[in-house]
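Results of the structural survey
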Amino acid sequence: MSTLTVKAFGAESTTADLKEMTIERRATTPKDVEIEILYCGVCHSDLHTARNDWGGSLYPVVPGHEIVGRITSVGSEVSKFKVGDLAAVGCMVDSCGHCDSCKEDLEQYCLNGFTGTYNGKDKHLGGHTFGGYSQKVVVDEHFVLSVPENLDLAAVAPLLCAGITTWSPLRHWNVGPNSKVAVVGLGGLGHMAIKLAKGLGADVTLFSRTPGKTEDAKQLGADHVVISTDDSQMDTVKGKFDLIIDTVPYEHDINPYMQTLTLNGTLVLVGFVGEFSETEVSTRPMIFQRRSVAGSLIGGIAETQELLDFCGKHNIVSDIELIKMQDINQAYERMIKSDVKYRFVIDMQSL
């Protein structure tokens, strides 16, 4: 298979800083779309993979799965896109296409495993996939998304991960104008959960451990802020929420939040991946009020396109800080300290 060489930024090892390198992309096959990358969002998963925090990282690692750009080439069988179109790529670039999940437009739950935009198995060239910290990407048209022309393209990028990660549970649990939704954690995921839940018409509350985020939360669209460390405030919202979206990325006690769910309410975890090894989760509030604890990943391709269309209609994008590619290592250090409101996005012209 013929290839093209493109510039990228990646890490050569667990301890290495990201630096400029070259990688190979496949030339467009009949069903492929080639995209010049204009912007790429920065996700905590990028940092974890670059530093092998979860194990299994394949080097060199070229992160980036919040990709926005413009199409520069299309294969002979491509029907959905043309050269010059705005396009986006999220966390997946392939799946089996024939399992029950894929047939239901749930490629993120592919029973044979989806192919990640980076660090996945490259079915075309062998080796592993490289992400959006690069000049170009070549992707099967099924995994390419249309971007509304009216949106700020840089601020669209985080919708491909942070946005869809919170949109998917909002849609699955049928959030609408009569819903009462709470969000735990105000970061990249949390600020999108507030914006999207409010966009769907819900009454939205932020749970925060400290009062310092109250004004920010209300500017993002939250109707209420409850300080979760204040027992008297927590008492006022017992039995209130239909859905709680928990975006906290580390182990924490979810028991206090369970008491705030309605009958049949659900707390859905979207931030923490791992085991609650130190905190026991009580089943009492679940059994006596038929409450649930659930998990949710990203969304499928159709659902992600639905999100982008919704954001185009309601003019919803992420709050971002635009950086140069050369500043990525400093951005990682700031991200660890939560020193960003609320998502870094790389201007890929700097590469």
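Residues numbered from 1 in each chain as written. Predicted model: local features only at pLDDT ≥ 70, side-chain atom pairs only at ≥ 80, totals over all residues. Heavy atoms only, no water.

**Some words on the packing of aromatic side chains**
- Counted according to the given criterion, the structure contains four aromatic pairs.
- On the numbers, 5.6 Å between centres and 80 degrees between planes, the contact of Phe-207 with Phe-241 is edge-to-face. Of this pair, Phe-207 sits in strand E11 (residues 203-208) while Phe-241 sits in strand E13 (residues 241-246), placing them 34 residues apart in sequence.
- Look at Phe-207 and you get buried, because its relative accessible area is 2%.
- Within the aromatic cluster, the residues linked to one another by ring pairs are Phe-207, Phe-241 and Tyr-257. (Phe/Tyr/Trp six-rings, centres within 6.5 Å; stacked < 30°, edge-to-face > 60°. Helix = DSSP H or I, 4+ residues; strand = E, 2+ residues; numbered from the N terminus. Buried < 20%, exposed > 50% of the residue type's maximum accessible area, 1.4 Å probe, protein only.)

**Some remarks on the nonpolar core**
- Core analysis: the biggest nonpolar cluster contains 97 residues, and Tyr-133, Val-156, Leu-170, Ile-194, Leu-196, Ile-328 and Tyr-332 have the highest contact counts within it.
- Sort the elements by how many residues they give to this core and helix H5 (residues 188-199) lands first, with six residues.
- Core analysis: the second largest hydrophobic core is formed by 16 residues, Met-234, Phe-241, Ile-244 and Leu-269 among them. (Core = buried A, V, L, I, M, F, W, Y, C linked by side-chain atoms within 4.5 Å.)

**As for the side chain of Glu-34**
- Mapped onto the secondary structure, Glu-34 falls in strand E3 (residues 32-41).
- Within polar-contact distance, the side chain of Glu-34 engages the side chain of Lys-136 at 3.4 Å.
- Look past the residues within four positions of Glu-34 in its chain and what remains in contact with it is Leu-4, Thr-28, Arg-70, Ile-71, Thr-72, Ser-73, Lys-136, Val-137 and Val-138. (Polar contact = N/O pair within 3.5 Å; in protein donor to acceptor, adjacent residues only side chain to side chain. Contact = heavy atoms within 4.5 Å.)

**Here we look at the sheet that holds strand E15 (residues 292-295)**
- Spatial strand order, E12-E11-E10-E13-E14-E15: six strands in an open sheet with parallel pairing. Each edge of the open sheet is held by one strand with a lone partner, namely strand E12 (224-227) and E15. Recorded for the sheet is a direction-independent mean angle of 25 degrees between the axes of neighbouring strands.
- Where E13 meets strand E14 (residues 261-269), five bridges bridge the pair, whose relative direction is parallel. Directly across from Ile-244, in E14, lies its bridge partner Leu-267.
- Sheet strands touched by helix H4 (residues 162-172): strand E10 (180-184), E13 and E14. Its angle to E13, the strand with the most contacts, is close to 160 degrees. (Pairing = 2+ DSSP bridges. Axes fitted to C-alpha atoms, helices over the stretch in contact; angles between N-to-C directions.)

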